[in-house]
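Listed below are the residues making up each chain.
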Amino acid sequence: MALLQISEPGQSPAPHQHKLAVGIDLGTTNSLVATVRSGMATVLQDAHGHALLPSVVRYLPDGQVVVGHEAQAQQSQDPTNTIVSVKRFMGRALEDISDRAHIPYKFVNRAQVAIETRAGVKNPIEISAEILRVLKERAEKALGSELVGAVITVPAYFDDAQRQATKDAAKLAGLHVLRLLNEPTAAAVAYGLDNAAEGTYAIYDLGGGTFDISILRLTKGVFEVLSTSGDAALGGDDFDHRIYCWVLDQIRQNSKSFIPLNEADTRLLLTKARQAKEWLTDNYEAQVVCRLSTGQLVDVTLDVTQFNELTQTLVNKTLTPTRKALRDAGLEVADIKGVVLVGGATRMPHVRHAVADYFQQEPLTNLDPDKVVALGAAIQANALVGNKGDEDLLLLDVTPLSLGIETMGGLTEKIIPRNSTLPVARAQEFTTYKDGQTAMSFHVVQGERELVADNRSLARFDLRGIPPMAAGAARIRITFQVDADGLLSVSAREQTSGVEAHVMVKPSYGLNEAEIAHMLSSSYNAATTDKQARALAEAQVDANALIGAIQAALTTDGHLLNDAEKQQINAKITALQASIHAASSDAIRTDTDALNHATEAFAARRMDASVKRALAGKNLDSIEL
Ligand code: ADP
Ligand code: MG
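About the cut-offs
Residues numbered from 1 in each chain as written. Chains lettered and ligands numbered in written order. Predicted model: local features only at pLDDT ≥ 70, side-chain atom pairs only at ≥ 80, totals over all residues. Heavy atoms only, no water. Helix = DSSP H or I, 4+ residues; strand = E, 2+ residues; numbered from the N terminus. Buried < 20%, exposed > 50% of the residue type's maximum accessible area, 1.4 Å probe, protein only. Contact = heavy atoms within 4.5 Å. Areas by Shrake-Rupley, 256 points an atom, 1.4 Å probe, with all protein chains shown as cover. 1 Å grid on protein atoms, 1.4 Å probe; cavity = no way out; pocket = protein on both sides within 12 Å on 5 of 7 lines; lining within 4 Å. Points joined across faces, edges and corners; volume = space filled by probe spheres on them. Nonpolar A, V, L, I, M, F, W, Y, C, P; charged D, E, K, R; others polar. Pairing = 2+ DSSP bridges. Near = heavy atom within 4 Å. Polar contact = N/O pair within 3.5 Å; in protein donor to acceptor, adjacent residues only side chain to side chain. Phe/Tyr/Trp six-rings, centres within 6.5 Å; stacked < 30°, edge-to-face > 60°. Axes fitted to C-alpha atoms, helices over the stretch in contact; angles between N-to-C directions. Parallel < 35°, antiparallel > 145°, perpendicular 65-115°, else oblique. Left-handed = near helix turned anticlockwise from the far one by under 90°. Core = buried A, V, L, I, M, F, W, Y, C linked by side-chain atoms within 4.5 Å.

**Describing the overall build of the chain**
Then, in step 1: Helix and strand counts for the chain stand at 15 helices and 27 strands.
Then, in step 2: Within the chain, the proportion of its 625 residues that are buried is 50%.
Then, in step 3: Counted over contacts in the chain with a minimum sequence separation of 6, partners at least 24 positions apart contribute 65%.
Then, in step 4: Summed over its atoms, the accessible surface of the chain is roughly 29,900 Å², and 50% of this surface lies on carbon and sulfur atoms.

Set out below in C-alpha cells:
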C-alpha cells in the first residue's frame, strides 16, 4: 500500500512538476486552445483532429448544449437557438448592436444584452462560457490533469466592460484567468520568440467579421503596442457575401423566374460561398453546387480572377485603418521592419499581395495565421505560471482612447492620453471652485474631444468631507490607474485632510471599434470648433467667477462705494452677464476686462480698508513689511 504524502505548507508537493497553463483565443468566428509542451507551443485538437472550434453554441430541445462544428452545421435549421459570433455582444447593451434588425435572435434588453433561447434567457457571458468549457475539457483531456490557469486573448480595443465580461465568462467556465492579453500582442509573442527579432512591427488581423491593425515595437523581449485601429464590420464574411451576391446574380441571369430565398437557403448559399472562397486560396476555380429548397439546382463556377475583382474593394478597405494606425504611431511605412499576418482571411493571396504592396515587403507567414494568437497566449501563460526560467516577458498594451475628468464649463481634462502603454498611472491636482466647498463631484470620461458632451461618460463619484477653505486653496489629487488587463480605477484624495474617494470603472456597456474610430475621426475634424468651444467655456467660467467674487465684495464692503460707483459696477456686471450667453469668447473677454477695470478703485479701497483693520491696535514695530 502506498503511503499518502503530505507536503509542508507553502511548499509544492512536486517542485519540478510542470504547471499546466493554456492560452485561449476566444474568437468571433473560431476559438482555439494551445499550450507549451516540451518548450514548444502547440494548438490542441479535438477527438476528430480539429484545432479550430467554431464559436457557435446551440441550445437543444432536450436541454443539452452543443458547441462548435456540430452547432454550426445545424445553424440554418434552428437559427434562434444557435448563437454565432457571441463575442460581438460581450459587455454590450442592446442599443450598441447596430445591425440587430438583421440578426435572428430574440434580444432581451437588460443592462447587458441577453438572448432568449429555448433554454431560457442567456447572456453573452454564459454563452461564451460554453465555448470556454469545451476548450477547458479539451485541454484537460489532452494534458491529463487540471489546469492551473489560462491566458485569454481579447481585441486591443476591448473596453472595461468587454474585458470584464470575458473574465466573468472564464470564471463561469471554471477557468482561472492568469491575465487577459491583447490579440496583436499575443501574435507578436508568438513571432517575437520564434524569430528573436527586434524592431517595429505591424500586426494585420483579418478574421471572420473584424479587421484589426496594430503597430508594435519589440525591443529586447519587451513588446509595446504603439497604436491600434481597424474596422469592426469588415472580415472574411464580407468576402463570402460578395460571392453569395454573385451567385444570386448568376441564378437570376440563368432562370426566368427567380423566387426570393428563404432563411435556410440563404445560409446554405453563404456556407457554399465560404467554402468556395477558402478553396480559391489554393485553387484557380471553385464550383458552387447545391439544391435549394425550391428544388432549383445551383451550379456555377467562379475563378480566381473573378473572385479578386469581386472583392478587391474589401481588400483596399483595410488600408485606410492601416494608414491611420501608422499615423497615430508617428511612423512611415519604411519604419516597419516586419508585418505579421493574423486571422484565417489573411490566407487569401490577394490580401497578402495588398499587404506586401502597401508595406513594401513580404509579410511573415511562417506561423499559421488562425493559430498564431492562441500560440502566443500559450507562451505567455507558460511564462506566467513560472515554467519559463529565463528572462521575464514583459508585455505592454495601450489605452485606445484618452481618459480624463470633467472640469468647470463642461470641459474635458485629459489625464491619460490615448495610446499610453499599460499599466499606467497618472495623477493631477484640482481645486475647489467656491469658498467653503466641502464636496466635489467627479465625472470620468473617455474620448478625444474638448467638450465632455462630445465624449463618453464612464463613471461619476463624489468626494465629501473636504475641510472648508477659500476657493482654490484645497488640493485634490486625482489618480487614474489602468492595470495590465486594461481596467481603470480612479481615486481622489484631498491632500491636507487625507479624505479619499475611489471608483472602479466598469461601464455598463462598451464601445466598438467603429465607435472608437468615429470618436477619433470626429476629434480630428472638430479640432478648430473644439478649440473655440474650449475658449468659450473657459471665458464663461472666468466671467462667472469674477462676477461671484465682485458680488460677494459688494455685500461685505459695499459701503466703500458711493451710489454712482455702485451703479457703474452693476451696469458692467449686467453687460457681462448678457455676453456670457452670447456665443463668443472674445465678447466675454472684453466685458470681463471692462468689469475688472471698473472695479480697480474698489479693489484698492478694500485693500486699504483691510490693511487698516489689520493695523488697528498694533504698533508699527510689530508689523513685518
Ligand atoms: P476570428 O478571429 O473572427 O475568430 P479567424 O481568424 O478564425 O476568425 O478567421 C475566420 C475567417 O477566415 C473566416 O472568414 C474564414 O472563411 C477565413 N478563412 C479560413 N481559412 C481560409 C482560407 N484557406 N482562405 C480564405 N479564407 C479563409
Ligand atoms: Mg481572431
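**Digging into helix 8 (residues 319-328)**
Then, in step 1: The element helix 8 is largely enclosed, with a buried count of seven among its 10 residues.
Then, in step 2: Every buried residue belonging to helix 8 is among Leu319, Pro321, Thr322, Lys324, Ala325, Leu326 and Asp328, and all of these are buried.

**A few points about the layout of surface pockets**
Then, in step 1: Taken as a whole, the second largest pocket encloses approximately 540 Å³ of empty space.
Then, in step 2: Forming the walls of the second largest pocket are 19 residues, and the residues nearest its centre are Asp46, Leu53, Val67, Val134 and Arg138.
Then, in step 3: Contributions of two or more residues to the lining of the second largest pocket are made by strand 6 (65-67), helix 1 (69-73) and helix 2 (124-143).
Then, in step 4: Sort the elements by how many residues they give to the lining of the second largest pocket and helix 2 lands first, with seven residues.
Then, in step 5: Residues that form the lining of the second largest pocket fall into these classes: seven nonpolar, five polar and seven charged.

**What to know about the pairing of strand 9 (residues 114-117)**
Then, in step 1: Bridge count for strand 8 (residues 106-108) against strand 9 is three bridges, and the pairing is antiparallel. The partner of Phe107 across the bridge, within strand 9, is Ile115.
Then, in step 2: The hairpin turn running from strand 8 into strand 9, its antiparallel successor, is five residues long.
Then, in step 3: Across three bridges, the pairing between strand 9 and strand 10 (residues 120-122) is antiparallel. Directly across from Glu116, in strand 10, lies its bridge partner Val121.

**Some details on unusual backbone geometry**
Then, in step 1: In this structure, Ser38 is a non-glycine residue whose phi angle is positive, near 50°.
Then, in step 2: Tracing the backbone shows Ser38 in the loop between strand 2 (30-37) and strand 3 (40-43).
Then, in step 3: Its identity as a non-glycine residue notwithstanding, Ser85 has a phi of 50°, on the positive side.
Then, in step 4: Locating Ser85 in the fold gives a position in the loop between strand 7 (82-84) and strand 8.
Then, in step 5: For Ser85, a relative accessible area of 14% corresponds to the buried category.

**Looking at the site of ligand 1**
Then, in step 1: The environment of ligand 1 is formed by 18 residues, the closest being Thr29, Asn30, Lys277, Glu278 and Thr281.
Then, in step 2: Asn30 is positioned with one of its side-chain polar atoms (N or O) 2.8 Å from an oxygen atom of ligand 1.
Then, in step 3: In this structure, an oxygen atom belonging to ligand 1 sits 3.1 Å away from a main-chain N or O atom of Ala345.
Then, in step 4: Contact with the protein chains removes 90% of the 590 Å² of surface that ligand 1 exposes when unbound.
Then, in step 5: Elements with a minimum of two residues in the shell around ligand 1: helix 5 (236-254) and helix 6 (263-280).
Then, in step 6: For the shell around ligand 1, the element with the most residues is helix 6, which contributes three residues.

**Regarding the packing of aromatic side chains**
Then, in step 1: Within the structure shown, the criterion is met by six aromatic pairs.
Then, in step 2: For the ring pair Tyr105 and Phe107, a centre distance of 6.1 Å and an interplane angle of 80° mean the geometry is edge-to-face.
Then, in step 3: Three or more aromatic residues joined by ring pairs form one cluster here, namely Phe89, Tyr105 and Phe107.

**Here's the deal with the environment of Ile83**
Then, in step 1: Here Ile83 shows up in strand 7.
Then, in step 2: Between the alpha carbons of Ile83 and Pro124 there is a distance of 9.4 Å; along the sequence they are 41 residues apart.
Then, in step 3: Contacts of Ile83, omitting those with residues within four sequence positions, involve Ser55, Val56, Val57, Tyr59, Tyr105, Ile115, Thr117 and Ile127.

**So, the packing of helix 7 (residues 304-317) against helix 9 (residues 349-359)**
Then, in step 1: Between helix 7 and helix 9, the least distance of the axes is 10 Å, while the angle of their chain directions is 45°. Taken as axis vectors, helix 7 and helix 9 run oblique relative to one another. For the crossing formed where helix 7 meets helix 9, the hand is right-handed. Residues Phe307, Asn308, Thr311, Gln312 and Val315 of helix 7 form the contact with helix 9, whose own contacting residues are His350, Val351 and Ala354.
Then, in step 2: Of the residues assigned to the contact of helix 7 with helix 9, the class counts are four nonpolar, four polar and no charged.

**Quick word on the nonpolar core**
Grouped burial of nonpolar side chains is what soluble globular proteins tend to show.
Then, in step 1: Ile24, Phe89, Phe107, Leu132 and Ile152 are the most contacted members of the largest nonpolar core, which totals 47 residues.
Then, in step 2: Those elements that place two or more of their residues in this core are strand 1 (21-26), strand 5 (56-59), strand 6, strand 7, helix 2, strand 11 (149-154), helix 3 (160-172) and strand 12 (177-182).
Then, in step 3: Examining the composition of this core, we find that eight residues originate from one element, helix 2, more than from any other.
Then, in step 4: Those residues in contact with Leu132, other than ones at most four positions away along the chain, are Ile24, Leu26, Ile152, Ala169, Ala170, Ala173 and Leu175.
Then, in step 5: Within the second largest apolar cluster, 44 residues are counted, among which are Phe239, Ala329, Leu341 and Val351.

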